[in-house]
Amino acid sequence: MPTPRLTPQQDRAWSLLVGVMTWLPAELDAHLDRAAGLSHAEYQVLRWLSLSEDREVHMTRLAATASVTPSHLSRIVARLEKRELLTRSNDPTDARRTLARLTAAGARVVEEVEPGYAAEVRRLVFEHLDPGQAEQLEGIAEALLTPLRSDCVGLLPPRALRPSDIS
């Protein structure tokens, strides 16, 4: 029977992960607020719309790819719609579904913000990891997220081929 408490190693690992989950988004929120007056969640919505075909996505899929709950997404989309960074409409093929579409203004915001955002993510995360650790981080994050939200993982692009994968 497992012990009811975490082992010292599990407790330390968990505390470190909680710290990353708390402080990394706070740092990215501050950067994006300075850069464009956006929260990290708002930027993720715009970013995923910009990466999608036709810059248009069903709200359910957008919630999964942007890693926000559907109710949180509704509030985010309402704020972004007021700023004319995206629009919402009923899906012409299924009126029960709502589509979010990036506007030209929203696309400009993503285009302007993305280089600084990528640099900030590199500075805060990837500059502290060697390539092997970055690959491990990808695997660990996927292993943790899959049982929680396999739909989120399934919507991401596939893992990139590594030189060791090519024979």
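Predicted model, so just to flag it, every value in this text is computed and none were measured.

A. Structural context of the overall build of the protein chain. When you go through the protein chain residue by residue, the secondary structure sums to seven helices and three strands. The order of helices and strands in the protein chain, counted from the N terminus, is α-α-β-α-α-β-β-α-α-α. If one aligns the C-alpha atoms of the protein chain with their principal axes, the spans along those axes are about 55 × 40 × 35 Å. Residue burial in the protein chain is summarised as follows: out of 167 residues, 28% are buried. The contacts in the protein chain between residues at least 6 apart in sequence include a share of 54% that link residues at least 24 apart. Summed over all atoms, the accessible surface of the protein chain reaches about 11300 Å², with 57% contributed by carbon and sulfur.

B. Region of interest: the pairing of strand β2 (residues 86–91). Where β2 lies against strand β3 (residues 94–102), six bridges are found, and the strand directions are antiparallel. By the bridge assignment for β3, Thr87 is matched with Arg101. Where β2 folds back on β3, the antiparallel hairpin that results is connected by two residues.

C. Expanded view of the pairing of β3. Relative to β3, strand β1 (residues 56–58) runs antiparallel, the two sharing three bridges. Bridged to Glu56 within β3 is Arg101.

D. Local environment of the nonpolar core. With 30 residues, the main nonpolar core has Leu38, Val45, Leu46, Leu49, Leu62, Leu73 and Leu80 as its most contacted residues. Where this core is concerned, the elements lending two or more residues are α1 (8–36), α2 (40–51), α3 (59–66), α4 (70–82), β3 and α5 (104–124). Aside from chain neighbours lying at most four places away, what touches Leu49 is Arg55, Glu56, Val57, Leu62, Leu86, Ala100, Arg101 and Leu102.

E. Layout of the packing of α3 against α4. At a minimum axis distance of 9 Å, the contact between α3 and α4 shows a crossing angle of 100°. One finds that α3 runs roughly perpendicular with respect to α4. Contacts between α3 and α4 pair Met59, Leu62 and Ala63 from the former with Pro70, Leu73 and Val77 from the latter. Its residues assigned to classes, the contact of α3 with α4 shows six nonpolar, no polar and no charged.

F. Geometry of unusual backbone geometry. A positive phi angle is found at Ser67, which is not glycine, with a value near 60°. Within the secondary structure, Ser67 sits in the loop between α3 and α4. Taking the relative accessible area as the measure of exposure, Ser67 reaches 53% and is therefore exposed. Of note, Glu84 is a non-glycine position whose phi angle comes to about 60°, a positive value. Within the secondary structure, Glu84 is located in the loop between α4 and β2. Look at Glu84 and you get exposed, because its relative accessible area is 58%.

G. Structural detail: the packing of aromatic side chains. Per the stated rule, a full pass over the model turns up one aromatic pair. Aromatic side chains Tyr43 and Tyr117 sit 4.9 Å apart centroid to centroid with 55° between the ring planes, which places their arrangement in the tilted category. Of the two residues, Tyr43 is situated in helix α2 and Tyr117 in helix α5; the sequence distance between them amounts to 74 residues. Residue classification places Tyr43 among the buried residues on the basis of a relative accessible area of 0%. The residue whose ring lies beneath Arg47 is Trp48, and the NZ or CZ to ring-centre distance is 5.7 Å.

H. Fine view of the sheet that holds β3. Strand order across the open sheet formed by three strands is β1-β3-β2, with antiparallel pairing between neighbours. The open sheet has two edge strands, β1 and β2, and neither has a second partner. Strand-to-strand twist of the sheet, defined as the mean angle between neighbouring strand axes without regard to direction, takes the value 30°. α3 contacts β1, β2 and β3 of the sheet and is inclined by roughly 95° relative to β1.

I. Here's a closer look at the environment of Gly116. Within the secondary structure, Gly116 sits in helix α5. Relative accessible area serves as the criterion here: at 29%, Gly116 is assigned to the partly exposed category.

About the thresholds
- Residues numbered from 1 in each chain as written.
- Predicted model: local features only at pLDDT ≥ 70, side-chain atom pairs only at ≥ 80, totals over all residues.
- Heavy atoms only, no water.
- Helix = DSSP H or I, 4+ residues; strand = E, 2+ residues; numbered from the N terminus.
- Buried < 20%, exposed > 50% of the residue type's maximum accessible area, 1.4 Å probe, protein only.
- Contact = heavy atoms within 4.5 Å.
- Areas by Shrake-Rupley, 256 points an atom, 1.4 Å probe, with all protein chains shown as cover.
- Pairing = 2+ DSSP bridges.
- Core = buried A, V, L, I, M, F, W, Y, C linked by side-chain atoms within 4.5 Å.
- Axes fitted to C-alpha atoms, helices over the stretch in contact; angles between N-to-C directions.
- Parallel < 35°, antiparallel > 145°, perpendicular 65-115°, else oblique.
- Nonpolar A, V, L, I, M, F, W, Y, C, P; charged D, E, K, R; others polar.
- Phe/Tyr/Trp six-rings, centres within 6.5 Å; stacked < 30°, edge-to-face > 60°.
- Lys NZ or Arg CZ within 6 Å of the ring centre and 35° of its normal.

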